[in-house]
Amino acid sequence: MTRPTAVRHRFRPRAATWIAAGALLAAAGAAALAGVLAPYPPRAVVGTPAAPPSAAHRLGTNDLGQDLLSLWLHGARVSLAVGFTAAFLSTTASGLVGILTVVGGKYRAVLLAVTDVLLAIPHLPVMVLLVALLGPGLLHLVAALTLLGWPAYARVVRTLVATTMEQDYVEAARAVGAPGARIVRTCIVPVLLPVLWTKFLLTVRWAILMEATLALLGLGDPRQVSWGLILHTAFTYPLLFTGPAWSWWAAPPALALAGITLALSVIGRDFELWMNPAAQAAGRQEPGPRVVNS
Amino acid sequence: MAAAPGRWPPGRYAGVMAALVLLNFFLPRLLPGSPLAGTGGEGVAFLPARTAAELRRTYGLDRPMGQQLAQYLAGLARGDLGRSLVSHRPVTTLIAERLPWTVFLVGLAVIVAAVVGGALGTLAAWYPRRALVRLIDPLVVGLGTLPEFLVAMGLIVLLGTGWQLFPASGAVTPFLPRQGPGGLAAWVLDVLHHAALPGATLVAALVPAFFLLSRNALAATVGAPYLLVARGKGLDERRVLWHAWRNALPSVAALLGLRLGYAVTGAALVERIFAYPGMGLLLFEAVGQRDYPVMQGVFLTASAAALAMVAALDTVAARLDPRLRRGAAR
């Protein structure tokens, strides 16, 4: 019996890859050590409101007099946690639904219909409606992001599973009497993994940006500091752009979000080329269906 | 979702639309939040039990679910989306006020992005070895990766408050008269002036998709025999390019349509940052005030627009791509 053997090239990191990995690690470090690194508790009012950076407050303070550096460090936690959790859950869902729409028996039609409906609706309003109705909260946010994050790739997985099922080695496995679950595990899942990894990385990026967008629109969890929430308070401050306040208030979280998304794009692209050298040969192409932008 | 959407049988559109209408009805009724419970159900708005019951009766929330659904559907058939809980104006009126601004802003941005992205993609596919051309890819893709709020902030700081070339908020100067000699022209210029910064932010976010799509579609045709034939016939390079573009057109048109379809709320963030009075800002304001009927109205309009655009695309795609007309699809 032939097993699917992925043709892999040696992983050759570029300079950009190292920088991207470094940026991600730095953000993860900031998130993990926020309690130690932050000079003040994030919520404490510790200075004069809207003060420019000084020795005591490296990034100044916001309109409540909270230390912006401490807020920024703590904000990394929520942004990264939401992004990675939602991406993990929705990637798992994509894989499962994609497989089940091919081999799922009587559930196939239902799952396909749900996928189609979710694909047809614009993401932002439904997310707004969901979070507004469930009430702001990190779990609700993750649930909403998961719900909308899986359908596009479920379609990709479905196509891949359907073509793989036609392969001779699957036929052979069936002929020797392998049960369905084993066929899925040994013949289908290895083929799916590269696609799912790529989707995971792209979805982390999408989820982090979406969390920031929702928070900026006022749908974040007001009890949890995130980069999006800092941006929300900054953009609500009427004097943000009349002085230099934006440069120490809104710019650090916005730049951090941009850095993270850029880093994830670079790593995602490298990963895709590594897993699928054909993409390199065929000219650089846009990675899969874009889950980003709605 | 850059690829052309799969061609759906007509019944499917009706099915999806019905599902959306039902979703719009049931979501707020089945989820825990309620306008009566205050934000997040924490009882910010303390209402005496009698007042709450009265409010329930006024809005018909005490009736059986089936009756509520029938009433909702009847209202929908009459074009009635309910009234705002805050301003008490009909939701359809609110949407009618905002929709034109969004359609104008996003429509303009999508078309500009398609032209710019298409032109850059053509350059990149046709002259892949020129040094300047090779800079396009990292620049465009890098710019497109930046979050919209960062681009918006940069534009505001540089062009809005820095050099003060463009207004950083609103859609038109308040109280600008539209009548009188030259009034209309001045008004149009003012509107375009206000659209510059939010439009540029949207264009920056939209260009990469058009760039990558048109470049990849054209690059695939570069070595194609039919182009060799075209050149062999002695066509000039511009005609040859058109021959190549003819093949790329369906997919680029599909992307254009998809982006237009999602336009109704796709610009919420940009509209909020630039205080542009479109659908996105309406949604944002409704969220802040927990104005459920408005949120639902926006949701329904946005979904219907997206769905209508997918349906329109199927028709257009068949016109642009003769291969789809011969029943080859599916």
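Residues numbered from 1 in each chain as written. Chains lettered and ligands numbered in written order. Predicted model: local features only at pLDDT ≥ 70, side-chain atom pairs only at ≥ 80, totals over all residues.

## Quick notes on the overall build of chain B
As a reminder of what qualifies: Strands are runs of DSSP state E lasting at least 2 residues, helices are runs of H or I lasting at least 4, and numbering of each runs from the N terminus. Whether a residue is buried, exposed or partly exposed is read from the other C-beta atoms within 10 Å of its own C-beta, which are placed from the backbone; 20 or more gives buried, 12 or fewer gives exposed, and intermediate counts give partly exposed. A residue pair is marked as a contact if its C-beta atoms, positioned from the backbone, fall within 7 Å.
For chain B, the count of helices and strands is 14 helices and zero strands. Counted from the first residue to the last, chain B has its helices and strands arranged as α-α-α-α-α-α-α-α-α-α-α-α-α-α. Buried residues in chain B amount to 37% of all 330 residues. Expressed as a percentage of contacts within chain B between residues at least 6 apart in sequence, the contacts between residues at least 24 apart total 71%.

## Some words on the interface of chain A and chain B
Keep this limit in mind: Under the convention adopted here, Pro, Cys and the residues Ala, Val, Leu, Ile, Met, Phe, Trp and Tyr are nonpolar, Asp, Glu, Lys and Arg are charged, and Gly plus all remaining residues are polar.
Taken together, the 41 residues of chain A in the interface contact 50 residues of chain B. Every element with two or more residues in the side of chain A that touches chain B is listed here: α4 (108-120), α5 (123-134), α9 (180-216), α10 (227-236) and α12 (251-275) of chain A. Of the residues belonging to the side of chain A that touches chain B, the class tally is 30 nonpolar, eight polar and three charged.

## Regarding the environment of B:Ala311
Position of B:Ala311 among the secondary structure elements: in helix α13 (residues 292-320). Residues B:Ala311 and B:Val203, 108 residues apart in the sequence, show an inter-C-alpha distance of 25 Å.

## Remarks on α5(A)
All names here are of chain A. What counts is decided by this rule: A helix is expected to span 1.5 Å multiplied by its residue count minus one.
Between the first and last C-alpha of α5 there are 16 Å, a value that for 12 residues agrees with the 16 Å anticipated at 1.5 Å per step. When we look at burial in α5, the residues that qualify are His 123, Leu 124, Pro 125, Val 126, Met 127, Val 128, Leu 129, Leu 130, Val 131, Ala 132 and Leu 133. At the exit of α5 stands Gly 135, carrying a positive phi of roughly 95 degrees.

## A short note on helix α7 (residues 151-165) of chain A
Helix length check: α7(A), at 15 residues, gives a terminal C-alpha distance of 21 Å against a target of 21 Å (1.5 Å per residue), a fit within 8%. Along α7(A), the positions that sit buried rather than exposed are A:Pro151, A:Ala152, A:Tyr153, A:Ala154, A:Arg155, A:Val157, A:Arg158, A:Leu160 and A:Val161.

## With respect to the confidence of the model for chain B
All names here are of chain B. What counts, and what does not: Note: pLDDT gives the predictor's confidence per residue, expressed from 0 to 100.
Here chain B shows a mean pLDDT of 79. Residues at 70 or above account for 89%. Confidence, read as mean pLDDT per element, is least for helix α14 (residues 322-325) in chain B (67) and greatest for helix α4 (residues 91-126) (90). Of the regions scoring below 50 in pLDDT, residues 38-44 engages in 11 contacts with residues more than four places distant in sequence or in other chains. Interface confidence in the predicted complex, given as ipTM, is 0.75; pTM for the same model is 0.80.

## Some words on unusual backbone geometry
Residue and element names in this part refer to chain B. With a phi close to 60 degrees, His 88 is a non-glycine residue in the positive phi region. Along the chain, His 88 turns up in the loop between α3 (65-77) and α4. The exposure class of His 88 is exposed, given the 7 C-beta atoms found within 10 Å. The phi angle at Ala 275 is positive, at roughly 50 degrees, despite the residue not being glycine.

## Regarding the nonpolar core
Worth spelling out the cut-off: Among buried residues, those of type Ala, Val, Leu, Ile, Met, Phe, Trp, Tyr and Cys that are joined through C-beta atoms within 7 Å form a set called a nonpolar core.
In terms of nonpolar packing, the biggest core is built from 167 residues, with A:Val128, A:Leu231, A:Ala250, B:Leu206, B:Phe210, B:Leu283 and B:Met295 touching the most fellow members. Looking at this core element by element, the count peaks at 17 residues for α9(A). For B:Leu283, the contacting residues outside a window of four places in its chain are A:Pro125, A:Val128, B:Thr265, B:Ala268, B:Met295 and B:Val298.

## Overview of the packing of helix α3 (residues 68-103) of chain A against helix α6 (residues 138-149) of chain A
If you want to describe how two helices pack, look at the angle between their axes and the distance between the axes. Residues and elements named next belong to chain A. Short version of the rule: Axes, fitted as lines to C-alpha atoms, cover a helix only where it is in contact. Angles between the N-to-C directions of the axes lie from 0 to 180 degrees. Our angle categories are set so that under 35 degrees counts as roughly parallel, over 145 as roughly antiparallel, 65 to 115 as roughly perpendicular, and the remainder as oblique. Left-handed describes a crossing whose near helix is turned anticlockwise from the far helix by less than a right angle; the clockwise case is right-handed.
Put simply, α3 and α6 touch, their axes get as near as 8 Å, and they point 40 degrees apart. Comparing the axis directions of α3 and α6 gives the class oblique. You can see that α3 and α6 cross each other, and the crossing is right-handed. Of the residues in α6, those touching α3 at Val 78, Val 82, Thr 85, Ala 86, Leu 89, Ser 90 and Ala 93 are Leu 138, Leu 141, Val 142, Leu 145, Thr 146 and Gly 149. For the contact of α3 with α6, the class distribution of residues is nine nonpolar, four polar and no charged.

## Topic: the environment of A:Ala56
Residue and element names in this part refer to chain A. Inspection of the secondary structure puts Ala 56 in the loop between α2 (34-37) and α3. Residue class for Ala 56 comes out partly exposed when judged on the 13 C-beta atoms lying within 10 Å of it. Expressed as a C-alpha distance, the spacing of Ala 56 and Arg 108, which sit 52 residues apart in the sequence, is 60 Å.

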